[in-house]
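Chain residues, written in single-letter form:
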Amino acid sequence: MGGLRLCFILCYALIATLCVVNPSKAEPLASKPPFPWNKMRLPEIVHPLHYDLFIHPNLTYLNFSGTVQIQIDVQEETRFIILHSKDLHIIKATFQSSGHQRRHLRVLDFPAFEQIAVVSDDFAISSGLHVISVEFTANLSESLHGFYKGTYKTKDGETRVMASTQFEATHARQAFPCFDEPAFKANFTIRVRREPRHIALSNMPKLKTVEQPGGLLDDYFDTSVRMSTYLVAFIVCDFLSIRKTTQHGVEISVYAVPDKIDQAEYALETAVKLLDFYDDYFNIPYPLPKQDLAAIPEFQSGAMENWGLTTYRESGLLFDPEKSSPSDKLGITKVIAHELAHQWFGNLVTMQWWNDLWLNEGFAKFMEFMSVDITHPELQVNDYFLSKCFRAMEVDALSSSHPISTPVENPAEIREMFDDVSYQKGACVLNMLRDFLTPEAFKMGIIRYLRRHSYQNTVNAHLWESLSSVCHSDETGQGRMKLDGFCGGGKSRSEASKWFMQDELDVKAIMDTWTLQEGFPVITVEVKGREVRLDQQRYLKGGDPDKTSSFLWQVPLTYITSHTSTVQRFLLKTRKDVLYLPEEVEWIKFNVDMRGYYIVHYESGGWDALSRLLRHNHTALSSNDRASLINNIFQLVSIGKVPLDKALDLTLYLSQEEEAMPVTQGFSELVPLYKLMEKRDMEQLENDMKGHILKLFLRLIDRQEWSDAGAVSQRILRNYLLLFACIRRHPPAVAKAQQLFQQWAESNGTMRLPSDVSLVVYTEGARSEAGWDFLLEKYLLSISPSEKSSIKAALSYSPLTHKLQWLLEKSLEGEVLKTQDLPSLLITVSKNPKGYKLAWGFLRAHWYKLVSKFDLGSSAISRLAVGVTDQYSTPEMLEEVRQFFGSLPTEAGGELRSIQRALETIEENVRWMDRNLPLLKAWLDRGHGV
């Protein structure tokens, strides 16, 4: 904790001791006692057992009132109980023991730690079971967390109001006083008061509705299972629903605003199929009688796994068969799979504290891909898993990264854990572990983990213990599981056992190296005859030796060679090692299908051999192997291990490539090179690079149909290629897009465009004033989240700077465009060569508003800090960004990890350009043909 921050908290604490709510009488300020607790974490001596919560939102006056009665288990005698509370006005608090009358408690408020103390002045609270009751009022939150106000417009233009919750990670305390830490699990019985024109939803099924004087209705919900406060949810709205029952007897319902309920069918079918899959896969029944999925019109994150009432952005749940693209369908399927996986990983078994958030999010991200691959094979989801690992590595390659499991204390630090390291890296190391243990052993290990710790909280070690003991326990009732020899002894062990040779398997020792230290290794491979020399060191941009020398991983290596496509395995436990091949080979490829979370450098002609292979017979390697080679060689350029021209030479084979992953990875490495130049006024070199990329992929671009034909990955790739072709002004593509836009506009938007190319057509139309205005009109009238998303993206790609400014201003206001979309919109504008200065100016001018709206440390704020600035590459812009972020106080984000990442990224861009621009120019000048 920095000095400025500590000073701020101490000053705030001093002020807070004067802020006392006393229901009995007013007292002079001088007599107020100090707050009796000085830690951010709650005391361990009091545990909640059951909450009886009554909530009454008023959607006319945009406030709410409530009462919570909490049955507590006091383990040591005390005179105070500490609860979390934020922005709540406490009316009164009382205490009751079994058989005794209620007594009043005094309430002290400590806003700096978002805590209140309920204090007994004239009696001691003994150990045992008691009930505390707190009455409170508050305004519905104007941000998108806590218990917040949402609005939407009907087809007729009427604005309607609703109220919804978003409590993860630390916002339940904004809706009711509670023990708002994940380890304080309890049961919840909830009652919601509403008007007859609304419905109320919560985690559990509704038991009854009772009419109150004045015509209001109270909905009583069944008591929940034991769960953490961040999973509590309630919604008051006028939604409609459709429903269906799973094979296991769970009622699934999808809720949406009335005008959009006909777009809920795909989500319903998908949720039924996925919940049945998880029920069978985990062999642990889903414990609730129902699972609701609600499409919320205003929602900050992608979705939220509240137990029994998962909530989503409309674009993450609603599918329009006429207007949604295959990319939309893939995204909706994945997000539902993610949230339903959480019903086991996160809800049933919850991390002890937020430092191990990855036990929730890494698992849900991993299961999202695994479950969709099995239940929806036509979506070809595994084509996109690699990109998650590459994305995590971008973050993990910087000094500002953090271990998967990282100490965190305050709410801003907790929110910063919801990042690519917890989600994407977590999923990637789990995928590596599954490959390491075999899928069968991994599955049995995680089932054992879930069974052992149901309704409890866990730390990393509990998972490793369950995975290590797969072969040593009969507790699952399945004896010594049939795992293709994994659990057998001696020489009969399977190929997978070569991971650990004759050693006893120690999953914890291996995985601690991946979860308790940041970063990842680069494995340097040198082949000398039959001898393969291995060396590992941390991959770190910036190259500070002090930050790499002490890092060591246990790396599950896999490899194939020119002589065998059978995957060979070797566990590298030391910094250097040697393995021996049965015969000499022409080439060797490590990290097969990139199932491991590491990159590989091939010395002594190794890269040359792989480049030759790609040019002459690229299908000898899988598409994932080809994509990983493209990724790895450019990462090695960044740290000076491979010259840029060698990496560019390797990509020349892409003129023959047709598979989605290598093509998109080629774009991902080559496009940023000219995007950096766009911010440097280097028009000639920039155009040369753009021309080279177009030429490289021209054969594939010209083969694309302007239709919805083909497999999902081909269709997603079609959108990518044609959009690039139009942005680069390739005449045939531009002409076709203009023709389709004109026809669509002449039909007043009624002509059906192929969903695969609608974004391309809209983007071409948005280049003109008239086209842009027509698109905006259709955006405002559309009730299809997919269509709105495509039009909004096209509007932000426009070269019309004044239109971009208007978009940003209206998104901040939140009336014409939803404020929830502002982060992604601002980042997109920052990538627009006509909008990057505008985006940076907007971010600086409105930073404090953005922090207030989206919350300090949230993924939205983190994405903005990095996303708006990550294509700057000049010392002048580095200094400008450093000065702005450096001027921020702690409470406005001055110490956010994402700001350090933003600065490191620009520093790396400056270094890269200084080192590689001459090489790039010389390579392009040599006129490399494709």
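Just so it is clear, the structure is predicted and the values come from calculations on it, not from any experiment.

Criteria and cut-off values
- Residues numbered from 1 in each chain as written.
- Predicted model: local features only at pLDDT ≥ 70, side-chain atom pairs only at ≥ 80, totals over all residues.
- Heavy atoms only, no water.
- Helix = DSSP H or I, 4+ residues; strand = E, 2+ residues; numbered from the N terminus.
- Rg over C-alpha atoms; globule rule 2.2 N^0.38 Å.
- Buried < 20%, exposed > 50% of the residue type's maximum accessible area, 1.4 Å probe, protein only.
- Contact = heavy atoms within 4.5 Å.
- Polar contact = N/O pair within 3.5 Å; in protein donor to acceptor, adjacent residues only side chain to side chain.
- Pairing = 2+ DSSP bridges.
- Axes fitted to C-alpha atoms, helices over the stretch in contact; angles between N-to-C directions.
- Disulfide = S-S within 2.5 Å.
- Salt bridge = Lys/Arg side-chain N within 4 Å of Asp/Glu carboxyl O.
- Core = buried A, V, L, I, M, F, W, Y, C linked by side-chain atoms within 4.5 Å.
- Parallel < 35°, antiparallel > 145°, perpendicular 65-115°, else oblique.
- Left-handed = near helix turned anticlockwise from the far one by under 90°.
- Phe/Tyr/Trp six-rings, centres within 6.5 Å; stacked < 30°, edge-to-face > 60°.
- Lys NZ or Arg CZ within 6 Å of the ring centre and 35° of its normal.
- pLDDT = per-residue confidence, 0-100.
- Nonpolar A, V, L, I, M, F, W, Y, C, P; charged D, E, K, R; others polar.

A. Focus on the overall build of the protein chain. A count of helical and extended segments in the protein chain gives 26 helices and 29 strands. The C-alpha atoms of the protein chain give a radius of gyration of 29 Å, which matches the 30 Å a tight globule of 930 residues would have. Here the C-alpha coordinates of the protein chain stretch approximately 90 × 75 × 60 Å along the principal axes. Per-residue burial over the protein chain gives 62% buried out of 930 residues. By sequence separation, contacts in the protein chain at least 24 residues apart represent 72% of the contacts at least 6 residues apart.

B. Fine view of the environment of Asp756. Here Asp756 lies in the loop between helix H17 (731–746) and helix H18 (758–765). Filtering out sequence-adjacent residues up to four positions away, Asp756 remains in contact with Pro326, Ser707, Asp708, Ala709, Arg715, Arg718 and Asn719. A polar contact of 2.7 Å, which involves the side chain of Asp756, links it to the side chain of Arg718.

C. Broad picture of the pairing of strand S2 (residues 46–58). Across 12 bridges, S2 lies against strand S3 (residues 63–74) in antiparallel orientation. Following the sheet pairing, Tyr51 is matched in S3 by Ile70. Taken together, the six bridges between S2 and strand S11 (residues 187–194) define a ladder with parallel strand orientation. Of the residues in S11, the one forming a bridge with Asp52 is Thr189.

D. Local environment of the sheet that holds strand S18 (residues 290–296). In spatial order, the strands read S16-S17-S18-S20-S19; together these five strands make up an open sheet with mixed pairing. The outermost strands of the open sheet, each flanked by one partner alone, are strand S16 (240–245) and strand S19 (303–304). Alignment of S18 against strand S20 (residues 309–313), held across five bridges, turns out to be parallel. For Ile296, the partnering residue across the bridge sits in S20 and is Arg313. The sheet contacts of helix H3 (residues 326–342) involve S18, S19 and S20, and relative to S20 the element is tilted by about 150°.

E. Structural view of the state of the cysteines. Scanning all chains against the criterion turns up one disulfide. Here Cys389 engages in a disulfide with Cys428; their sulfurs sit 2.0 Å apart. The sign of the S-S torsion, about -105°, decides the handedness of the disulfide formed by Cys389 and Cys428: left-handed. Of this pair, Cys389 sits in helix H5 (residues 385–396) while Cys428 is found in helix H7 (residues 420–437), placing the two residues 39 residues apart along the sequence.

F. Region of interest: the pattern of salt bridges. Counted under the stated rule, the structure contains 60 salt bridges. The residue Lys589 makes a salt bridge to Asp625 at a minimum N-O spacing of 3.0 Å. With Lys589 in strand S28 (residues 588–590) and Asp625 in helix H12 (residues 623–638), this residue pair connects regions lying 36 residues apart in the sequence. Taken as a pair, Lys589 and Asp625 share a single burial class, namely buried. Put simply, Glu322, Asp708, Arg715, Arg718, Arg752 and Asp756 are held in one network by salt bridges that share partners.

G. Seen up close, the nonpolar core. Phe176, Ile336, Phe590 and Trp847 are the most contacted members of the largest nonpolar core, which totals 316 residues. Tallying contributions element by element places helix H2 (residues 265–282) first for this core, with 11 residues. Setting aside chain neighbours within four positions, we find Phe176 in contact with Tyr51, Leu53, Val68, His84, Leu88, Phe136, Phe167, Phe188 and Val232.

H. Quick look at the side chain of Arg415. Summarising the element assignment, Arg415 is placed in helix H6 (residues 411–416). A polar contact of 3.4 Å, which involves the side chain of Arg415, links it to the side chain of Thr170. Residues within four places of Arg415 in sequence aside, it is in contact with Thr170, His171, Asp855, Leu856, Gly857 and Ser858.

I. Spotlight on the sheet that holds strand S25 (residues 555–561). The strand order S26-S25-S28 describes an open sheet built from three strands, whose pairing is antiparallel. Edge strands, defined here as strands with exactly one partner in the open sheet, are strand S26 (564–572) and S28. Along the sheet, successive strands turn relative to each other by an average axial angle of 25°, direction set aside. Of the strand pairs in this sheet, S25 and S28 are connected by three bridges, and their pairing is antiparallel. Counterpart to Ile560 in the pairing with S28 is Lys589.

J. Highlighting helix H22 (residues 822–831). Across the 10 residues that make up H22, a large majority, seven, are buried. Every buried residue of H22 is listed here: Leu822, Pro823, Leu825, Leu826, Ile827, Val829 and Ser830. In this fold, the buried residues of H22 make contact with helix H20 (785–796), helix H21 (801–813), helix H23 (836–854) and helix H24 (859–867).

K. Seen up close, the side chain of His730. Its place among the elements puts His730 in the loop between helix H16 (712–727) and H17. Residue classification places His730 among the buried residues on the basis of a relative accessible area of 9%. Leave out the neighbours within four places in its chain, and His730 touches Leu694, Leu698, Ile701, Asp702 and Ala725.

L. Structural detail: the packing of helix H19 (residues 769–781) against H21. One way to put it is that H19 packs onto H21 with a least axis distance of 11 Å and a crossing angle of 20°. Here H21 runs roughly parallel to H19, going by the angle between their axes. Our pair here, H19 against H21, has a crossing hand that is right-handed. In this structure, H19 contributes Glu769, Trp772, Asp773 and Leu776 to the contact, and H21 contributes His802, Lys803, Trp806 and Leu807.

M. Focus on the packing of aromatic side chains. The final tally for this structure, using the stated rule, is 50 aromatic pairs. Seen from their ring centres, Phe167 and Phe234 are 5.8 Å apart, and the 75° between their planes marks the pair as edge-to-face. With Phe167 in the loop between strand S10 (159–166) and S11 and Phe234 in strand S15 (residues 234–237), this residue pair connects regions lying 67 residues apart in the sequence. A relative accessible area of 0% places Phe167 in the buried class. One cation-aromatic arrangement involves Arg41 over Trp353; the distance from NZ or CZ to the ring centre is 3.6 Å. When the ring centre of Tyr779 is taken as origin, the NZ or CZ atom of Lys788, which lies over that ring, is 4.0 Å away.

N. Looking closely at the environment of Arg391. Note that Arg391 resides in helix H5. Looking at Arg391, the relative accessible area reads 37%, which means it is partly exposed. Distance from Arg391 to Thr223, taken between C-alpha atoms, is 41 Å for residues 168 residues apart in sequence. For Arg391, the residues in contact, after removing those within four places along its chain, are Asp420 and Gln424.

O. Representation of the environment of Ile716. Assignment of secondary structure puts Ile716 in helix H16. Of the residues examined, Ile716 reaches a relative accessible area of 17% and is grouped as buried. Along the chain, Ile716 and Phe179 lie 537 residues apart, while their C-alpha atoms are 46 Å from each other. Setting aside anything within four residues of it in sequence, one finds Ile716 in contact with Pro326, Ser327, Leu330 and Tyr384.

P. Structural detail: the confidence of the model for the protein chain. Confidence in the prediction of the protein chain, expressed as mean pLDDT, is 90, and 92% of residues score 70 or more. In the model, residues 1–31 has pLDDT below 50 throughout and makes 39 contacts with residues more than four positions away in sequence or in other chains.

Q. Examining the packing of helix H15 (residues 683–702) against helix H26 (residues 897–925) more closely. As a packed pair, H15 and H26 sit with axes 11 Å apart at the nearest point and diverge in direction by 55°. In this view, H15 runs oblique relative to H26, as classed from their interaxial angle. The two elements H15 and H26 cross, and the hand of that crossing is left-handed. Seen from H15, the contacting residues are Leu685, Asp688, Met689 and His692; seen from H26, they are Leu917, Leu920, Lys921, Trp923 and Leu924. Here the residues of the contact of H15 with H26 are counted per class, giving six nonpolar, one polar and two charged.

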